[in-house]
Amino acid sequence: MVRTVLSNAEHPEYGSIPLEFPIPDEQYDHTVTQLEKVGIGTVQNSDCKIDTLNSWYTVLKPLAGQVVNIDELDYLAKRLESFDDYEASKFQAMASKLQLLNIRDFINLTFSSQQVTVITDFSDLEQIGRSHIMTIRGSGMPAEEYQQIDGKAEALKLLQSRNGSVTPYGVVYDNEMKMEPLYDGKHFPPYLYEPCQLAIEIRPANGGTGGSDYLYFPAPDQQLARTLERAGATDAADSRMQITVDQLPKAVSEQIDLQQESLVELNEMCEVIAKLSPQECNKLNAAVLMARPRYASEIRQLAENLEQFEFVPDVKTPEEYGKYMI
């Protein structure tokens, strides 16, 4: 959790707004409205001055006093919230070593800091060595190979290399980490913060060379509109889109044609389906196969009125249905 107080740098007389990040979906639309009242929170601009910032991630303190984009701050907080204690130590130690100051670098580091090794406790050399080897070889190491690691020997080799940098967050070894500029200052890299029904990669239809933006359904109305604005698109008609995650019921997925759909109606459909139980999703599958809806709005209506259908699962022949009726 990142707690801030934000204001309008050009008009401090407008007052300030206390705001916590990440912004919960149910509060997102209201939050954007509150920011608009003091003239900040636009999609394309960095216009939110951070008057104060408090977080367990103390390495973020240099952001206080800066003017940032609200979506950048929200995205960074979401990335950091997913870290466990060791991953958080890696991030903070490397950010301290690199003396990072701006939010774009902080975001990019969240994708690179997993490559580094940090030592916060020297009492267990065996674990230090094992953790280091897992870092440089990746998490796909077979269990039997992991058991054969001489952790103490690897830890001593690491310490004797003298490649570590002392930081307030531990001794960090960069392992020749390369911080890739995945975030270009406009387009956020794909990141599934919460489970979703549908994720869509979106680009303008003009075939520009810019990066992709990503929609995660269901989404707050303002978040949907802001992502489209960031992507330079207004709807499916002037966008090139591709589904990257699909958790919809099978029959529903087969009916979706992105180029023919309203994204607003698609979002509303996903919002209804997200509330259904697995048994209700099976019932929706059957209702869609029977009714053959053409658009997301019609599927949403089916999902909202499932109680009007009688559904008999596991019946595949007239004889089985007759036995069920008897």
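Presented here is a report on the structure given in the accompanying data block. (Residues numbered from 1 in each chain as written. Predicted model: local features only at pLDDT ≥ 70, side-chain atom pairs only at ≥ 80, totals over all residues. Heavy atoms only, no water.)

### Regarding unusual backbone geometry
Next up, step 1: Pro 22 follows Phe 21 through a cis peptide bond whose omega is 0°.
Next up, step 2: Position of Pro 22 among the secondary structure elements: in the loop between β2 (16-21) and α1 (25-37).
Next up, step 3: Of note, the bond from Phe 217 into Pro 218 is cis; its omega dihedral lies within 30 degrees of zero at 0°.
Next up, step 4: The residue Asn 175 is not glycine, and still its phi comes out positive at about 50°.
Next up, step 5: Note that Asn 175 resides in the loop between β7 (170-173) and β8 (198-204). (Helix = DSSP H or I, 4+ residues; strand = E, 2+ residues; numbered from the N terminus.)

### Notes on the pairing of strand β1 (residues 2-7)
Next up, step 1: Pairing between β1 and β2: six bridges, direction antiparallel. By the bridge assignment for β2, Ser 7 is matched with Ser 16.
Next up, step 2: By the bridge criterion, six bridges tie β1 to strand β3 (residues 48-55) in an arrangement that is antiparallel. Of the residues in β3, the one forming a bridge with Thr 4 is Leu 53. (Pairing = 2+ DSSP bridges.)

### Digging into the packing of aromatic side chains
Next up, step 1: With the rule as written, the count across this model stands at seven aromatic pairs.
Next up, step 2: On the basis of an interplanar angle of 80° and a centroid distance of 6.0 Å, the ring pair of Tyr 57 and Phe 91 is categorised as edge-to-face. Here Tyr 57 is found in the loop between β3 and β4 (67-68), whereas its partner Phe 91 is found in helix α3 (residues 85-98), with 34 residues between them in sequence.
Next up, step 3: Since its relative accessible area comes to 0%, Phe 91 is described here as buried.
Next up, step 4: Taken together, the aromatic side chains of Trp 56, Tyr 57, Phe 83, Phe 91 and Phe 106 make up a single cluster linked through ring pairs.
Next up, step 5: Above the ring of Phe 111, the side-chain terminus of Arg 79 is found at 3.7 Å from the ring centroid. (Phe/Tyr/Trp six-rings, centres within 6.5 Å; stacked < 30°, edge-to-face > 60°. Buried < 20%, exposed > 50% of the residue type's maximum accessible area, 1.4 Å probe, protein only. Lys NZ or Arg CZ within 6 Å of the ring centre and 35° of its normal.)

### Side note on the layout of surface pockets
Next up, step 1: The volume enclosed by the largest pocket comes to roughly 590 Å³.
Next up, step 2: Looking at the largest pocket, it is lined by 28 residues, and the ones nearest its centre are Lys 78, Tyr 191, Tyr 214, Tyr 216 and Gln 223.
Next up, step 3: Broken down by secondary-structure element, the contributors of at least two residues to the lining of the largest pocket are α1, α2 (70-81), β9 (213-217) and α8 (221-231).
Next up, step 4: Taken together, the residues of the lining of the largest pocket sort by class into 18 nonpolar, two polar and eight charged.
Next up, step 5: Here the second largest pocket is characterised by a volume of approximately 220 Å³.
Next up, step 6: The wall of the second largest pocket is formed by Glu 310, Phe 311, Val 312, Pro 313, Asp 314, Val 315, Lys 316 and Tyr 321.
Next up, step 7: Here the residues of the lining of the second largest pocket sort into five nonpolar, no polar and three charged. (1 Å grid on protein atoms, 1.4 Å probe; cavity = no way out; pocket = protein on both sides within 12 Å on 5 of 7 lines; lining within 4 Å. Points joined across faces, edges and corners; volume = space filled by probe spheres on them. Nonpolar A, V, L, I, M, F, W, Y, C, P; charged D, E, K, R; others polar.)

### Remarks on a negative patch on the surface
Next up, step 1: Taken together, the side chains of Asp 25, Glu 26, Glu 81 and Glu 194 define an acidic patch exposed on the protein surface.
Next up, step 2: Turning to its location among the elements, Glu 81 is positioned in helix α2. (Patch = residues over 30% accessible without salt bridge, like charges linked within 9 Å, V, L, I, M, F, W, Y side chains within 5 Å. Areas by Shrake-Rupley, 256 points an atom, 1.4 Å probe, with all protein chains shown as cover. Salt bridge = Lys/Arg side-chain N within 4 Å of Asp/Glu carboxyl O. Lys, Arg positive; Asp, Glu negative; His and termini not counted. Charge placed at Lys NZ, Arg CZ, Asp CG, Glu CD.)

### Focus: the packing of helix α5 (residues 125-137) against helix α7 (residues 151-160)
Next up, step 1: Direction vectors running N to C along α5 and α7 enclose 75°, while the axes themselves pass 6 Å from each other. Relative to α7, the element α5 is oriented roughly perpendicular. Along the contact surface, α5 presents Leu 125, Glu 126, Ile 128, Gly 129, Arg 130, His 132 and Ile 133, while α7 presents Gly 151, Lys 152, Glu 154, Ala 155, Leu 156, Leu 158 and Leu 159. (Axes fitted to C-alpha atoms, helices over the stretch in contact; angles between N-to-C directions. Parallel < 35°, antiparallel > 145°, perpendicular 65-115°, else oblique. Contact = heavy atoms within 4.5 Å.)

### Thoughts on the nonpolar core
Next up, step 1: Residues Leu 6, Phe 21, Leu 60, Leu 63, Leu 76, Phe 91 and Phe 106 are the most contacted members of the largest nonpolar core, which totals 44 residues.
Next up, step 2: Only β1, β2, α1, β3, α2, α3 and α4 (103-112) provide two or more residues apiece to this core.
Next up, step 3: The greatest single-element share of this core, amounting to six residues, is contributed by α2.
Next up, step 4: Setting aside residues up to four positions removed in sequence, Leu 60 forms contacts with Val 2, Leu 53, Ser 55, Leu 76, Leu 80, Phe 91 and Phe 106.
Next up, step 5: Counting 31 residues, the second-largest nonpolar core is a separate cluster that includes Leu 198, Leu 224, Leu 284 and Val 288. (Core = buried A, V, L, I, M, F, W, Y, C linked by side-chain atoms within 4.5 Å.)

### Side note on the pattern of salt bridges
Next up, step 1: If you walk through the whole model with that rule in mind, you get eleven salt bridges.
Next up, step 2: The partner of Lys 78 in a salt bridge is Asp 74, and the shortest N-O contact between them spans 3.5 Å. Taken together, the positions of Lys 78 and Asp 74, both in helix α2 and four residues apart, correspond to about one turn of that helix.
Next up, step 3: A relative accessible area of 4% places Asp 74 in the buried class.

### Let's talk about the sheet that holds β9
Next up, step 1: Pairing within the open sheet is antiparallel, and its three strands lie in the order β9-β8-β10. Either end of the sheet is taken by a strand with one partner, and the two such strands are β9 and β10 (239-246). Each neighbouring strand pair of the sheet contributes to a mean axis angle of 25°, computed without reference to strand direction.
Next up, step 2: Seen against the sheet, α8 touches β8 and β9 and runs at an angle of roughly 165° to β9.
Next up, step 3: Packed on one face of the sheet, helix α10 (residues 263-273) meets β8, β9 and β10 and runs near 40° to β9.

Function cannot be inferred from these measures alone, as they are strictly geometric.
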